[in-house]
Amino acid sequence: STLPENLAYVIYTSGSTGQPKGVLVSHGSISDHCRNAQRHYELDSRDVVLQFASLSFDVSLEEILPTLIAGARLVIMGTNVWQPAEFHRKISEFGLTVLNLPTAYWQELAREWAGVPELVPNIQPRLFIVGGDTMLPDVLKLWQRTPANSIRLLNAYGPTETTITATAFEVAFCPDENTTYQRVPIGRPLADRAIYILDQHGNPVPIGVHGHLHIGGAGLARGYLNRPDLTAEKFIPDPFSGDPGARLYKTGDLARYLPDGNIEFLGRADHQVKIRGFRIELGEIEAVLAQHPAVREAVVLAREDVPDEKRLVAYVVADAMADELRRFLKDKLPEHM
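Rules used in this analysis
- Residues numbered from 1 in each chain as written.
- Predicted model: local features only at pLDDT ≥ 70, side-chain atom pairs only at ≥ 80, totals over all residues.
- Heavy atoms only, no water.
- Pairing = 2+ DSSP bridges.
- Helix = DSSP H or I, 4+ residues; strand = E, 2+ residues; numbered from the N terminus.
- Contact = heavy atoms within 4.5 Å.
- Axes fitted to C-alpha atoms, helices over the stretch in contact; angles between N-to-C directions.
- Buried < 20%, exposed > 50% of the residue type's maximum accessible area, 1.4 Å probe, protein only.
- Patch = residues over 30% accessible without salt bridge, like charges linked within 9 Å, V, L, I, M, F, W, Y side chains within 5 Å.
- Areas by Shrake-Rupley, 256 points an atom, 1.4 Å probe, with all protein chains shown as cover.
- Salt bridge = Lys/Arg side-chain N within 4 Å of Asp/Glu carboxyl O.
- 1 Å grid on protein atoms, 1.4 Å probe; cavity = no way out; pocket = protein on both sides within 12 Å on 5 of 7 lines; lining within 4 Å.
- Points joined across faces, edges and corners; volume = space filled by probe spheres on them.
- Nonpolar A, V, L, I, M, F, W, Y, C, P; charged D, E, K, R; others polar.
- Core = buried A, V, L, I, M, F, W, Y, C linked by side-chain atoms within 4.5 Å.
- Arc of directions from axis to C-beta.
- Parallel < 35°, antiparallel > 145°, perpendicular 65-115°, else oblique.

1. Describing the sheet that holds strand S12 (residues 223-224)
- What the 3 strands build is an open sheet, ordered S1-S2-S12; its pairing is antiparallel. The open sheet has two free edges, formed respectively by strand S1 (7-13) and S12, since each of these has just one partner strand.
- Packing against the sheet, helix H1 (residues 27-40) makes contact with S1 and strand S2 (21-26), and its axis sits at approximately 70 degrees to S2.

Here it is as structure tokens:
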């Protein structure tokens, strides 16, 4: 028989040493999250939910499992991503009610629908969940100028190590649609999650002061596959919990509490970046480049030469052409890296 502490899945994320790290998630953590997601997203048997994410991302589990638990219908997009220009037709064709989209795709959709707002009234979704990267206030303003503004919108946040979604912000329930944010918050913790924003000494910071975001509660992963050292570094004892064995995950993200209790994400405290929703350790690309015999030194940066369009750029000291190094990387790294 399967017990809650038994392993349910391993999903890999980028690792700074050059090797991806496998995150171990138990049946207890994923089943607890599925029940929370079903409640928070108010899923029932009348819903039609899109599976947008690739199966190599844990978000796909949030799209599939709570939907089936609720007895709702799941529509699988497949490997060909629907273009934003045709998305309204697909929503209408399948009668989709719940859409869980990467931030970059939602932003394309907002620009598309802001340009042709008459597309939107023909569709009837009730919920958009957006996550994976920073939601830009200017794009949210575009979205709020379309008829889609009346649809419930969540800005979701959560590392793989805390089992998919840990916090969510109810954007659509702002009292005033003209509310402008310097940054769109990532909201409040879902049920059975604990959030702490701590200073470098492990003490909670006051409201408005930035600190290091830590996540506790039932949704934490067991740790990393065959990496007890990294597990001990990132998953630490929870000093704020009375439960024996309670832990906190150090996200590496900087955040602060807003006066209304919502959390504002402020960026990374290390060399990890998010590009089009992909979590990338720059050190992993540098380590792979260093394996090429012609490369003496390599540094990788995420540049934003065009606003809101981050891309990876490698600087090398090497006796090789750029095309040769690019082919070398393609053999060893996924496409998005």
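2. Comments concerning the side chain of Gln107
- Looking at where Gln107 falls in the secondary structure, it is placed in helix H4 (residues 103-115).
- On the accessibility criterion, Gln107 (8% relative accessible area) is buried.
- Ignoring anything within four residues of it in the chain, the contact list for Gln107 reads Thr134, Met135, Leu136 and Val139.

3. Here's the deal with a nonpolar patch on the surface
- A cluster of nonpolar side chains, Val299, Leu301 and Tyr315, forms an exposed patch at the surface whose accessible area comes to about 250 Å².
- With respect to the helices and strands, the residue Leu301 is situated in strand S18 (residues 295-306).
- Among the residues examined, Leu301 registers a relative accessible area of 39% and is labelled partly exposed.

4. Brief notes about the layout of surface pockets
- Taken as a whole, the second largest pocket holds about 580 Å³ of empty space.
- Leu312, Ala314, Arg326, Leu329 and Met337 are the residues nearest the centre of the second largest pocket, which is lined by 22 residues in total.
- If you list the elements that add at least two residues to the lining of the second largest pocket, you get helix H7 (282-290), strand S19 (309-318) and helix H8 (322-332).
- For the lining of the second largest pocket, the per-class residue count stands at 16 nonpolar, 1 polar and 5 charged.

5. Some details on unusual backbone geometry
- Of note, Glu42 is a non-glycine position whose phi angle comes to about 55 degrees, a positive value.
- If you check the backbone angles, Asp192 has positive phi at about 65 degrees while not being a glycine.
- Mapping Asp192 onto the fold places it in the loop between strand S9 (188-189) and strand S10 (193-198).
- Taking relative accessible area as the criterion, Asp192 reaches 42% and is therefore assigned partly exposed.

6. Quick notes on the nonpolar core
- Of all hydrophobic cores here, the largest spans 32 residues; its most connected members are Leu50, Phe87, Leu101, Trp106, Trp113, Phe128 and Leu153.
- Taken together, the elements giving at least two residues each to this core come down to strand S3 (48-51), helix H3 (84-94), strand S5 (98-102), H4, strand S6 (127-131) and helix H5 (137-144).
- Tallying contributions element by element places H4 first for this core, with 5 residues.
- When sequence neighbours within four positions are dropped, the list of residues in contact with Leu101 reads Phe52, Phe87, Trp106, Leu109, Phe128, Ile129, Val130 and Gly131.
- In terms of nonpolar packing, the next biggest core, distinct from the first, is built from 25 residues, Ile30, Ala166, Ile186 and Phe235 among them.

7. A short note on H8
- Where H8 is concerned, the buried positions are Leu325, Phe328 and Leu329. Looking straight down H8, one finds that the buried residues subtend no more than 95 degrees of arc, so they occupy a single side. Relative to its buried face, H8 has exposed residues pointing more than 90 degrees away, namely Arg327, Lys330 and Asp331.
- Those residues of H8 that are buried are in contact with H7, S18 and S19.

8. Observations regarding the packing of H3 against H4
- Direction vectors running N to C along H3 and H4 enclose 90 degrees, while the axes themselves pass 9 Å from each other. With respect to their mutual orientation, H3 and H4 come out roughly perpendicular. Contacts from Pro84, Ala85, Phe87, His88 and Ile91 of H3 reach H4 at Tyr105, Glu108, Leu109, Glu112 and Trp113.
- For the contact of H3 with H4, a count of residues per class yields 7 nonpolar, 1 polar and 2 charged.

9. Topic: the pattern of salt bridges
- All told, the structure shown has 15 salt bridges when counted by the stated rule.
- Asp44 is paired through a salt bridge with Arg46; the nearest N and O atoms lie 2.5 Å apart.
- With a relative accessible area of 25%, Asp44 lands in the partly exposed category.
- Its relative accessible area of 68% is what places Arg46 among the exposed residues.
- Residue Asp319 pairs with Arg296 through a salt bridge whose shortest N-O separation is 3.1 Å. Placement of Asp319 in the loop between S19 and H8 and of Arg296 in strand S18 is noted, with a sequence separation of 23 residues between them.
- What makes Arg296 exposed here is its relative accessible area of 56%.
- Here the residues in one salt-bridge network are Arg183, Arg256 and Glu264, joined through shared partners.

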